[in-house]
Amino acid sequence: MFDLKDVVRPNILTLEPYRCARDDFKTGILLDANENTHGPALSEITTAEESLELNRYPDPHQLELKQQIVDFRNASPNKHSTSQLTPQNLCLGVGSDESIDMLLRCCCAPGKEKLLTCPPTYGMYAICAIVNDVETVKVPLTIPDFQIDVEGIVAKLESDANIKLIYLTSPGNPTGKLINVDEIVGLLKRTIESWNGLVVVDEAYIDFTASNGKFSESVSTLVNQFPNLVVLQTLSKSFGLAGIRLGITFCNTELSKILNSIKYPYNISSLTSDIALKATSPTGLAVMHKYVDSIIRQRQRLLKSLLDLKHVGRNIGGLDANFILLEILNKDGEPSNEVALKLYNTLAIDNAVVVRFRGTELNCKGALRISIGTEEENKELLLKFEKVLNEINS
């Protein structure tokens, strides 16, 4: 039976969180945090910048922002949801990468406990595992549909008691394929009775999924039902705010309290929270949805045009993200890493068009990952892509 106390490292469970100056008082003559009371060292300052009080430490709790985020997700719950999110379910980080690292530090004893991933997947999981001296165990996604192998994962958990975390990416990167929500729920139900560990679902691209009804594909609204579920999201993708570095961790309130205790006290800057509050407001959400709709339309057009080109094979990924994963062929019609890599380099160096070579990822031979640009960028990509590819295979 799942017990969070057996998942979190003992030294973390007994940690007394650091109490920062803004935990106690936020108004008055603030002389408690050794801040520069004269203001920021800027020769000129706008009214907006002045209102942010940049010489003061930012709010360590960000409750207003958390409320707007949960309001957004609660408005379109997953079909399996039976309860609503609250701000107490959230921990905010400097991008999702901080959350990925923090969960490893929270749950995995270095040199002993392990992480399970399902390749092909996001490369930062393995990097963070190496940094934290945590071994990575792999159960590949199924082929050709890039779905999780539930039986394979359960068998691996049964054979290795040191696995503490499972990291899934849905929609996948580089696959662009949504993991079937019923399969994720099935895995949660299978593991909660027999395994003390967390299933972490990274939903960086979730807003690009094509919804088939009123329910969201996000499993973030399930964290109160399944205490073994953690969901990661970000404002970098659908919100177009990669530059502010804001990541969101959804989890049960007990784990959220622990994560908020071990995060750095002022990790979300005043500048970041100011922009994030605007983006998650009703007017900001309307803009986000408009851009997402445009990207989805451009995704379909670009894919069709690229698939019509000679020496382009299959779309081996899905249509659930703001990118596509295409197979590049040699003159014999076979997927080729050599051709794909040459195409990638020639486009970037000689044509100022940068895509991503993913041919060395498991079951992605000859693959290029192409982000969906603006209509004008996509037109230029198509022209140069066809020209260079034909020259390589001539």
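An unreviewed UniProt entry annotates the protein chain as histidinol-phosphate transaminase originating from Candida parapsilosis. The UniProt entry for the protein chain carries the following comment under Cofactor (unreviewed entry): "pyridoxal 5'-phosphate".

(A) Expanded view of the packing of helix H4 (residues 95-107) against helix H8 (residues 253-262). Interaxial distance between H4 and H8 falls to 11 Å at its minimum, and their mutual angle equals 105°. Judged on the interaxial angle alone, H8 and H4 are roughly perpendicular. Residues Met102, Leu103 and Cys106 of H4 lie in contact with H8, whose contacting residues are Leu255, Ile258, Leu259 and Ile262. Of the residues contributing to the contact of H4 with H8, the split by class is seven nonpolar, no polar and no charged.

(B) Representation of the sheet that holds strand E10 (residues 356-357). If you trace the four strands from one edge of the open sheet to the other, you get E8-E9-E11-E10, paired in antiparallel fashion. Across the chains shown, the open sheet's two edge strands, defined by having one partner strand only, are strand E8 (312-315) and E10. One ladder, built from two bridges, connects E8 with strand E9 (residues 323-328); its direction is antiparallel. Bridge pairing links valine 312 to isoleucine 328 in E9. Its contacts with the sheet place helix H12 (residues 375-392) against E8, E9 and strand E11 (367-371), and it is angled at close to 165° to E11.

(C) Examining the nonpolar core more closely. Formed by 58 residues in total, the largest nonpolar core has its most connected members in Ile148, Ile153 and Leu229. With five residues, the top contributor of residues to this core is helix H7 (residues 181-192). When we break this core down by domain, the ones giving at least three residues each are domain 1 (4-36 + 47-280) and domain 2 (286-393). Among all residues touching leucine 229, those that are not within four sequence positions of it are Leu188, Val199, Val201, Val219, Leu222, Val223, Phe250 and Cys251. Counting 30 residues, the second-largest nonpolar core is a separate cluster that includes Val7, Leu103, Tyr167 and Leu232.

(D) Molecular detail of the sheet that holds strand E5 (residues 198-202). The sheet built from seven strands is open, its strands ordered E1-E7-E6-E5-E4-E2-E3 with mixed pairing. What marks the edges here is a single partner per strand, and that holds for strand E1 (90-93) and strand E3 (135-138). Across the sheet, the mean angle separating the axes of adjacent strands is 25° when strand polarity is ignored. For E1 and strand E7 (residues 247-250), the ladder comprises four bridges, and the chain directions are antiparallel.

(E) Region of interest: helix H3 (residues 63-74). Taking 1.5 Å per residue, twelve residues should reach 16 Å; H3 reaches 16 Å between its end C-alpha atoms and fits that length. Turning to H3, its buried residues are Leu65, Lys66, Gln68, Ile69, Val70, Phe72, Arg73 and Asn74. In the core, the buried residues of H3 are packed alongside E1, strand E6 (229-234), E7, H8, helix H9 (270-279) and helix H10 (282-307).

(F) Highlighting the side chain of serine 216. One can find serine 216 in the loop between E5 and E6. A distance of 2.9 Å separates a polar atom in the side chain of serine 216 from the backbone nitrogen of serine 218. Leaving out residues up to four positions away in the same chain, serine 216 has contacts with Ser76, Pro77, Asn78 and Lys79.

(G) Spatial organisation of the domain arrangement of the protein chain. In terms of domain boundaries, the protein chain breaks down into domain 1 (4-36 + 47-280) and domain 2 (286-393). Placing a centre on the C-alpha atoms of domain 1 and another on those of domain 2 gives a separation of 30 Å. At the junction of the two partners, domain 1 supplies 23 residues and domain 2 supplies 21 residues. Both faces combined, the contact of domain 1 with domain 2 buries some 1,700 Å², and carbon together with sulfur accounts for 66% of it. Joining domain 1 to domain 2, the criterion identifies five residue pairs in polar contact (both at pLDDT 80 or more). A breakdown of the residues in the side of domain 1 that touches domain 2 according to their chemical character gives 14 nonpolar, seven polar and two charged.

(H) Highlighting the packing of aromatic side chains. Per the stated rule, a full pass over the model turns up five aromatic pairs. Centre to centre, the rings of tyrosine 57 and tyrosine 266 are 4.5 Å apart; their planes meet at 10°, and the pair counts as stacked. Of this pair, tyrosine 57 sits in the loop between helix H2 (47-51) and H3 while tyrosine 266 sits in the loop between H8 and H9, placing them 209 residues apart in sequence. An aromatic cluster is built from Tyr122, Tyr125 and Tyr167, whose rings are joined through pairwise contacts.

(I) Just unusual backbone geometry, in detail. Following isoleucine 143, the chain continues to proline 144 via a peptide bond in cis, the omega torsion being 10°. Relative to the helices and strands, proline 144 resides in the loop between E3 and helix H6 (150-159). In this structure, the amide linkage connecting serine 170 to the following residue, proline 171, adopts the cis form with an omega of -5°. Residue placement: proline 171 occurs in the loop between strand E4 (163-169) and H7. In the Ramachandran plot, aspartate 133 falls in the positive-phi region, its phi being about 55° despite a non-glycine side chain. Of note, aspartate 133 is situated in the loop between helix H5 (124-131) and E3. One non-glycine residue, phenylalanine 146, adopts positive backbone phi at about 55°. Examined against the element boundaries, phenylalanine 146 turns out to sit in the loop between E3 and H6.

Each value, and the rule that gives it
Residues numbered from 1 in each chain as written. Predicted model: local features only at pLDDT ≥ 70, side-chain atom pairs only at ≥ 80, totals over all residues. Heavy atoms only, no water. UniProt positions renumbered as here; feature names shortened; annotations may be inferred. Axes fitted to C-alpha atoms, helices over the stretch in contact; angles between N-to-C directions. Helix = DSSP H or I, 4+ residues; strand = E, 2+ residues; numbered from the N terminus. Parallel < 35°, antiparallel > 145°, perpendicular 65-115°, else oblique. Contact = heavy atoms within 4.5 Å. Nonpolar A, V, L, I, M, F, W, Y, C, P; charged D, E, K, R; others polar. Pairing = 2+ DSSP bridges. Core = buried A, V, L, I, M, F, W, Y, C linked by side-chain atoms within 4.5 Å. Buried < 20%, exposed > 50% of the residue type's maximum accessible area, 1.4 Å probe, protein only. Domains from an automatic or database assignment. Expected span 1.5 Å × (residues − 1). Polar contact = N/O pair within 3.5 Å; in protein donor to acceptor, adjacent residues only side chain to side chain. Buried area = accessible area lost by both parts, 1.4 Å probe. Phe/Tyr/Trp six-rings, centres within 6.5 Å; stacked < 30°, edge-to-face > 60°.

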